[in-house]
Amino acid sequence: MAVSDEIQRVMPMPKDRKFGQLLKYPEAVLLTNATNPDHRGEVDDKYQYSCETKDCKLHGWISFDPPIGFWVITASNEFHSAGPFKQELTSHVGPTSLVMFHSTHYAGKVVAMRFAKREPWKKVFGPYFVYLNSVSAREDPRALWAKAKRQMVEEARKWPYHFPASKDFPKRHERGLVKGALLVSDRYVNETLMPASSAWIGLASPGKAGSWQTESKGYQFWAHSDHRGRFRIKSIREGNYSLYAWVPGFIGDYKYDLNLTITPGCKIDLGLLVYKPPRNGPTLWEIGVPDRTASEFFLPEPNPKLSNRLFQHDNINKFRQYGLWERYMDLYPEHDLVYTIGVSNYQKDWFFAQVPRMIRNMTHHRATWQVIFFLEHVHQEGTYTLQLALASATLSELQVRFNNPDLRSRPRFTTKLIGRDNAIARHGIHGLYWLFTVQVHGSWLHHGNNTLFLTQSRDSSPFQGIMYDYIRFEEPRGAD
């Protein structure tokens, strides 16, 4: 099986899973008596081989005897649900190769399509390209992957395909183009406008900022900006759209003020656009990197009895190992995580997921993390700001308290019950993105050490929890 340059392996047989040991999440199986001795003692789970739709352009299988490749090539993601970061299944034991038209994986029912009574709707999924290739018996069969990658580039160049006869599949000349440049305005980072380098900028159905990540009924068209923030979105179907963006290194979502109407052959130049990310004051401290994932935080080694050797030496995909959430209890058997600003290092001291901690009677207990920070001066009448960006949430409630360890007291802020993306159990490093801005009155703080208590209060399942993207504490506006 081959999904990417890194994720390639000889796979177990279907009967290996049938006679293996089922683990805590249904799709995960410990291969106790595998046909291939190299697989014995490994965990296999189809979710370990999922990927973001922006990267899922090629996956399939290699046969060594005879040396033949079978590949699914996706030349465009315009028809996929919920944007370029939606994660989907690819290939798994069977051998099976999947083409996922639509699913709620790594997002939850919020991305499910809903229709009013008698609402008309149609959408073209595909075309997909099924590609077979071969090499001579003298060549390494792994060369089939390289050849398939070249074919993938060729298919993307051909998009939109010319051969579909349906009027519902517009040809190249019947589509439009949008271009421009996106800049970022944040005077606490730079007094001048900054190019939105490596931003993701796209068109999707009209909605609110960020609504693209749950939109499934329409088409989406995305581009990656260059180092100057310039973007060019091509081959856009006729219709009405909103233009959205998010910029690595900055929190929040951008949305262009006006909707865009795409007509056949149109070329729209939006010129310079400016995004003002959420910000109320200068940064006092921060944890993490605003990139919509938890990948920069501490990822533990897997339980050696529950690992997949494919990921043992792959730091990029280490999060795909089974059961990493259980390692939290190994690291914090008696007390929850405590992080001290200016002393702790988020790459080593901030666990990638805030999950319930199992206690002695094998029940789960809500986790409260502490962030200790020092304030030289406190603006007692001012309003501080806590920016909480989450990379994932599964049936969770995040409660915020300052300098008050009593969890029976009313929190200063609560997200209430949020999320069903299930990214923790399904080996994802993110699900859906959430951003909460918490107003913090100066009277809640004091000179010297302060403690922020972050409680994930739902604890009926080990898979309930959140992954943080980024936390920032801001001084009152004008205090600088």
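Owing to the predicted nature of the structure, the values given are computational and were not obtained by experimental measurement.

1. A short note on the overall build of the protein chain
Move 1: A count of helical and extended segments in the protein chain gives 4 helices and 31 strands.
Move 2: Taking 2.2 N^0.38 as the reference for a compact globule, 480 residues should give roughly 23 Å; the C-alpha atoms of the protein chain span a radius of gyration of 24 Å, in line with that estimate.
Move 3: Viewed in the frame of its principal axes, the protein chain has a C-alpha envelope of about 75 × 60 × 50 Å.
Move 4: For the protein chain, long-range pairs separated by at least 24 residues make up 74% of all intrachain contacts whose partners lie at least 6 apart in sequence.
Move 5: With an accessible surface of roughly 22,200 Å², the protein chain has 52% of that area assigned to carbon and sulfur atoms.
Move 6: Taking the average place of the 60 positive charges on the side chains of the protein chain and the average place of its 48 negative ones, the gap between the two points comes to 6 Å.

2. Here we look at the side chain of Thr 451
Move 1: Assignment of secondary structure puts Thr 451 in strand E30 (residues 448–456).
Move 2: Looking at Thr 451, the relative accessible area reads 15%, which means it is buried.
Move 3: In this structure Thr 451 touches Gln 370, Val 371, Ile 372, Phe 373, Arg 401, Phe 402 and Asn 403, once residues within four positions along its chain are discounted.

3. Some remarks on the packing of aromatic side chains
Move 1: Counted under the stated rule, the structure contains 39 aromatic pairs.
Move 2: Where Phe 85 meets Trp 212, the ring centres are 6.4 Å apart and the plane angle is 55°; that geometry is what we call tilted. On the criterion of sequence distance, the pair formed by Phe 85 in the loop between strand E6 (67–73) and strand E7 (87–88) and Trp 212 in the loop between strand E13 (200–204) and strand E14 (221–224) is long-range, its members being 127 residues apart. There is no split in this pair, since Phe 85 and Trp 212 are both buried.

4. Quick look at unusual backbone geometry
Move 1: The peptide bond linking Asp 65 to Pro 66 adopts the cis configuration, its omega dihedral lying at 0°.
Move 2: Here Pro 66 is to be found in the loop between strand E5 (58–64) and E6.
Move 3: Residue Pro 160 is reached from Trp 159 by a cis peptide bond, and omega for that bond is 0°.
Move 4: Tracing the backbone shows Pro 160 in the loop between helix H2 (143–158) and strand E11 (176–184).

5. Here's the deal with the environment of Ala 209
Move 1: Within the fold, Ala 209 resides in the loop between E13 and E14.
Move 2: Looking at Ala 209, the relative accessible area reads 45%, which means it is partly exposed.
Move 3: In the structure, Ala 209 is positioned 43 residues away from Gly 252 in sequence and 8.6 Å away in space, judged by C-alpha atoms.

6. A short note on the nonpolar core
Move 1: Counting residues in each nonpolar core, the largest one holds 62 residues, and the members touching the most others are Trp 350, Leu 386, Phe 402, Leu 454 and Tyr 468.
Move 2: Listed by contribution, the elements that provide at least two residues to this core are strand E20 (283–288), helix H3 (327–331), strand E24 (367–375), strand E25 (383–396), strand E26 (398–402), strand E29 (434–441), E30 and strand E31 (465–474).
Move 3: When residues in this core are grouped by element, the largest group, 6 residues, is from E25.
Move 4: In this structure Tyr 468 touches Thr 293, Ala 294, Phe 297, Trp 350, Phe 352, Gln 354, Trp 369, Ala 389, Leu 390, Ala 391, Leu 398 and Leu 454, once residues within four positions along its chain are discounted.
Move 5: Ranked by size, the runner-up nonpolar core spans 34 residues in total, among them Ala 75, Val 178, Leu 243 and Phe 250.

7. Regarding a nonpolar patch on the surface
Move 1: A cluster of nonpolar residues, Phe 70, Val 130 and Leu 132, forms a patch on the protein surface that exposes about 280 Å² of accessible area.
Move 2: Along the chain, Val 130 turns up in strand E10 (residues 129–134).

8. Side note on the pattern of salt bridges
Move 1: Throughout the structure, instances matching the rule amount to 26 salt bridges.
Move 2: Among the ionic contacts, a cluster of salt bridges with common partners joins Arg 9, Glu 42 and Arg 309.

9. Quick word on the side chain of Asp 469
Move 1: Take Asp 469: it is sitting in strand E31.
Move 2: There is no salt bridge for the buried Asp 469, and the closest opposite charge comes from Arg 292, which lies 6.1 Å off by N-O distance.
Move 3: Filtering out sequence-adjacent residues up to four positions away, Asp 469 remains in contact with Gly 288, Val 289, Pro 290, Asp 291, Arg 292, Thr 293, Glu 296, Phe 297, Ala 389, Leu 390, Ala 391 and Tyr 433.

10. A look at the state of the cysteines
Move 1: Under the criterion given, the structure shown has 0 disulfides.
Move 2: With no disulfide of its own, Cys 51 has Cys 56 as its nearest cysteine by sulfur position, at a separation of 3.4 Å.
Move 3: For Cys 51, a relative accessible area of 11% translates into the label buried.

11. A few points about the sheet that holds E24
The strands that make up a sheet pair up through hydrogen bonds in the backbone, lying either parallel or antiparallel.
Move 1: As summarised here, the arrangement of the 5 strands in space is E21-E24-E30-E26-E27, forming an open sheet in which the pairing is mixed. Two strands bound the open sheet, and with one partner strand each, they are strand E21 (338–340) and strand E27 (413–414).

12. Things to note about the sheet that holds E6
Move 1: Reading across from one edge, E5-E6-E10 is the order of the 3 strands in this open sheet, with antiparallel pairing throughout. Sheet topology places E5 and E10 at the edges, where each strand pairs with a single neighbour. For this sheet, the mean inter-axis angle between neighbouring strands, taken without regard to orientation, is 15°.
Move 2: Pairing geometry for E5 and E6, over 7 bridges, is antiparallel. Note on E6: the bridge partner recorded for His 59 is Val 72.

Criteria and cut-off values
Residues numbered from 1 in each chain as written. Predicted model: local features only at pLDDT ≥ 70, side-chain atom pairs only at ≥ 80, totals over all residues. Heavy atoms only, no water. Helix = DSSP H or I, 4+ residues; strand = E, 2+ residues; numbered from the N terminus. Rg over C-alpha atoms; globule rule 2.2 N^0.38 Å. Contact = heavy atoms within 4.5 Å. Areas by Shrake-Rupley, 256 points an atom, 1.4 Å probe, with all protein chains shown as cover. Lys, Arg positive; Asp, Glu negative; His and termini not counted. Charge placed at Lys NZ, Arg CZ, Asp CG, Glu CD. Buried < 20%, exposed > 50% of the residue type's maximum accessible area, 1.4 Å probe, protein only. Phe/Tyr/Trp six-rings, centres within 6.5 Å; stacked < 30°, edge-to-face > 60°. Core = buried A, V, L, I, M, F, W, Y, C linked by side-chain atoms within 4.5 Å. Patch = residues over 30% accessible without salt bridge, like charges linked within 9 Å, V, L, I, M, F, W, Y side chains within 5 Å. Salt bridge = Lys/Arg side-chain N within 4 Å of Asp/Glu carboxyl O. Disulfide = S-S within 2.5 Å. Pairing = 2+ DSSP bridges. Axes fitted to C-alpha atoms, helices over the stretch in contact; angles between N-to-C directions.

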